[in-house]
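Structural overview
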Amino acid sequence: MFELTGFQRDLLTVIAGLEKPSGQTVKEEIEKEIDEVNHGRLYPNLDVVVENGLVEKGQLDRRTNYYALSETGREALENRRRWENETVPTLADQ
């Protein structure tokens, strides 16, 4: 996970929370938290997480792909969350 950008990690988080979202759905979910994301940023980054085996890509129909977290991606997210929780004390304790 350290080799991924923050945006790529955010993509994994969004995909993990949805049931086989399309790229457009991922874009809409990301845009709820940050400014507009253009296709030139979204799809190359989706390709990276697919190529790294963290996300599986399939077809919903001839024009629309879906994205689903792979088992490797799920393990990576779980490990990242565990590492963050161990590394950063809870804010309530500060």
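These remarks concern the structure in this document. Per chain, the residues get numbers from 1 upward, laid out in the order the sequence is written. Two thresholds apply to this predicted model, a pLDDT of at least 70 for residue-level local features and 80 or more for giving and counting side-chain atom pairs, whereas whole-chain, interface and lining totals are computed over all residues. Computation of side-chain values covers all heavy atoms of the structure but excludes hydrogens and water.

The phi torsion of most residues other than glycine is negative, and most of the peptide bonds are trans. The residue K20 is not glycine, and still its phi comes out positive at about 50°. Numbering of helices and strands runs from the N terminus; a helix is a DSSP stretch of H or I covering at least four residues, while a strand is a stretch of E covering at least two. Its location among the elements puts K20 in the loop between helix 1 (6–16) and helix 2 (23–31). Relative accessibility under 20% of the residue-type maximum defines a buried residue, over 50% an exposed one, and the middle range a partly exposed one, all with a 1.4 Å probe and only protein chains included. Taking the relative accessible area as the measure of exposure, K20 reaches 41% and is therefore partly exposed.

Moving on to the side chain of N45. Mapped onto the elements, N45 comes out in helix 3 (residues 39–51). Relative accessible area serves as the criterion here: at 14%, N45 is assigned to the buried category. What qualifies as a polar contact is a pair of N or O atoms within 3.5 Å, subject to a donor-acceptor requirement within protein and to the restriction that residues adjacent in sequence count only when both atoms come from side chains. Within polar-contact distance, the side chain of N45 engages the side chain of Q8 at 2.8 Å. What makes two residues a contact is simply this: any of their non-hydrogen atoms within 4.5 Å. Once you skip the residues sitting within four places of it in the chain, N45 turns out to touch T5, F7, Q8 and L11.

A few words now on the pairing of strand 1 (residues 55–59). Think of it this way: DSSP has to see at least two bridges between two strands before they count as a pair. Both strand 1 and strand 2 (residues 65–69) contribute to a ladder of five bridges, which runs antiparallel. Bridging across to strand 2, Q59 finds its partner in N65. The antiparallel hairpin formed by strand 1 and strand 2 contains five residues in its connecting segment.

Turning next to the layout of surface pockets. Taken as a whole, the largest pocket holds about 310 Å³ of empty space. Only protein atoms enter the 1 Å grid used here, on which a cavity is any set of points holding a 1.4 Å probe that cannot leave and a pocket is any open set flanked by protein within 12 Å on both sides along at least five of seven lines; residues with an atom within 4 Å of a point are listed as lining. Around the largest pocket sit 14 residues that line it, and T13, L77, R80, R81 and E84 are the ones nearest its centre. Secondary structure elements with two or more residues in the lining of the largest pocket: helix 1 and helix 4 (71–87). Among the elements that take part in the lining of the largest pocket, helix 4 stands out by supplying six residues, more than any other. Its residues placed into classes, the lining of the largest pocket shows four nonpolar, three polar and seven charged. Grid points are joined across faces, edges and corners, and a volume is the space filled by probe spheres set on the points. Gly is put with the polar residues, along with every residue not named as nonpolar or charged; the nonpolar set is Ala, Val, Leu, Ile, Met, Phe, Trp, Tyr, Cys and Pro, and the charged set is Asp, Glu, Lys and Arg.

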